[in-house]
Each structure stands twice: as C-alpha cells, then as structure tokens.
Amino acid sequence: MSFKDIVGQERAIKILTKSLKENKVSSSYIFVGSEGTGKKLTAIEFTKAVNCLNLNRNLEACDNCHSCNEINKQCCPDLKIVETTKGSIKIEQIREIRKEIELKPFRYKKKVYIIDKAEKMTLEASNCLLKTIEEPPYYAIIILICSKIDPILPTIISRCQIVNFGLITSLKIKELLLSKIDNLEKDKAKIISKLAQGSIGKAFKLSADKEYFIRREKMLDYLSIILPGKYGEDIFTKVEKIMSEIDRIE
Ligand SMILES: [Zn+2]
C-alpha cells in the first residue's frame, strides 16, 4: 500500500507530498470529505511517509522498513488512532493524548495522532485538544478526520491545515471494483459505482451485500409485471438513486 494506491485523491496527496518535499509538515491537519473517500487511509500512508526510514524519491514510503512494517501491522508505538466510544470522542481520550504527547517519539521521527470522526468530539474534548493544538511539541502531528467541518471548533480549524477529499468519480470506482473483486460482472460494477455516490467505502459495502442484488432482481421482476417494458427498470434506477441520496444526507 502506498499513496499511489489511493484512488481519486491526487490533489490531497499532492498537498501532503509537497509538505514532505519542502520539509514543511504541519503539526495539525484536518482531513475533510465524505465517508469512504480515503481520508483515514491517506492519514496512515502519510504517517508512513513521515516516519519511513527509506523514503523514495517520489516521497512514497518504502513499505518495507521497520517503521512501515510496524504501521502496517498496526503496532507502531508512534502512531495512535483515536476512535469514538459509544458515539463520541470523550475528554478522557483527549486527556490521554495530552499526557502521552509530552513523551518524545519512542522510535521514529514523528509521533502521530489520528482522530477519526473528529466531529464527534464533545465540547470538553475539543477544548482540551485545543490546548495541545495551540502548543504542539515539535515532534507531534495531529490529524483530525471528519466528514463535516462545521462541528469542529473554529479555534481548532484556524490552527490546522485543511485538506479536502473530494468524491470519487463513478468511473474510477468501477475500475477499482473490477481490479479488486474477482469475478465481478461489469454490469454489476457499473450499477454499484453509480449507487456509491462517490464513496469507495460504500461501493465495497454494496459489493459485499449479496442480498442486495437478489432483492434488486426481485423488485425488477415485480416492476416488469406492473410496468411492462423498459419503464420499470428506469423507475427502479431512479428510486435507487433517490434512496442513496437520502442515505448520504442521513
Ligand atoms: Zn519505510
């Protein structure tokens, strides 16, 4: 796995590799974009690149050194991923970061904290994190990942470098599905790529949902009885699109 395996986020990756190249890595970032667009994957790859012991000329991690291996095996002492517990990120979790961050990296150059679903931080947690973001140790990088930026405290936003993650085109999603899933029919890949609405995460979820296509076939059969001809399929495709829009809004 490396930056080049992340689909459709060339702009975001360019910003990050540029900061590596110019030795201007920020101490705090906000990666913002819809679910399933590769934010967490990019954050992990960025951590690998920052701490890689054998970074190549294109500023890609080698995927083979001690640091890369530890990150791949999710046992790197200098990378911590914080996730929600019972739906939110609580002050205790941030206090723990504040305590740990005082200690220098165990093995590598930088100590990286990835806070996933950062928009779920409680107000207390946000205020607590703000103190660290205001005065981060020189060796620390904090990456906040969120699908919406509005719930993040403006005082945090103003101190972070924002990296936007756009939606992935259905063509790229289709190509990815066909390259990653054995025996996936082209027609199916096309339908999934349209329904995924720019989210690779959603596309893989749909691909794994075998029931979905069985239900779809049944519904199409039913519609072809009450609406003979192509109308049934057209209406069904429209309904699917509306339903996935509603999913996104929720
Ligand atoms: Zn490496």
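Residues numbered from 1 in each chain as written. Predicted model: local features only at pLDDT ≥ 70, side-chain atom pairs only at ≥ 80, totals over all residues. Heavy atoms only, no water.

Things to note about the overall build of the protein
Thought 1: Across its full length, the protein carries 11 helices and 5 strands.
Thought 2: When burial is assessed residue by residue, the protein has 44% of its 250 residues classed as buried.
Thought 3: The contacts of the protein with a sequence gap of at least 6 include a subset with a gap of at least 24, amounting to 72%. (Helix = DSSP H or I, 4+ residues; strand = E, 2+ residues; numbered from the N terminus. Buried < 20%, exposed > 50% of the residue type's maximum accessible area, 1.4 Å probe, protein only. Contact = heavy atoms within 4.5 Å.)

Re helix α7 (residues 170-180)
The α-helix winds at 3.6 residues per turn, so residues separated by three or four positions along the chain end up facing the same way.
Thought 1: For α7, every residue scored as buried is listed here: Ile173, Leu176 and Leu177. Viewed end-on, α7 has its buried residues packed into an arc of 100°, placing them on one side of the element. Among the exposed residues of α7, those pointing more than 90 degrees away from its buried face are Leu171 and Ser179.
Thought 2: Contacts made by the buried residues of α7 are with α8 (186-195) and α9 (200-208). (Arc of directions from axis to C-beta.)

Re the nonpolar core
Thought 1: Ranked by size, the top nonpolar core spans 26 residues in total, and within it Ile94, Ile115, Met121, Leu129, Ile142, Leu144 and Ile156 carry the most contacts.
Thought 2: Among all residues touching Ile156, those that are not within four sequence positions of it are Met121, Ser126, Leu129, Leu130, Ile133 and Leu144.
Thought 3: Of all hydrophobic cores here, the second largest spans 24 residues; its members include Ile6, Leu16, Tyr29 and Phe165. (Core = buried A, V, L, I, M, F, W, Y, C linked by side-chain atoms within 4.5 Å.)

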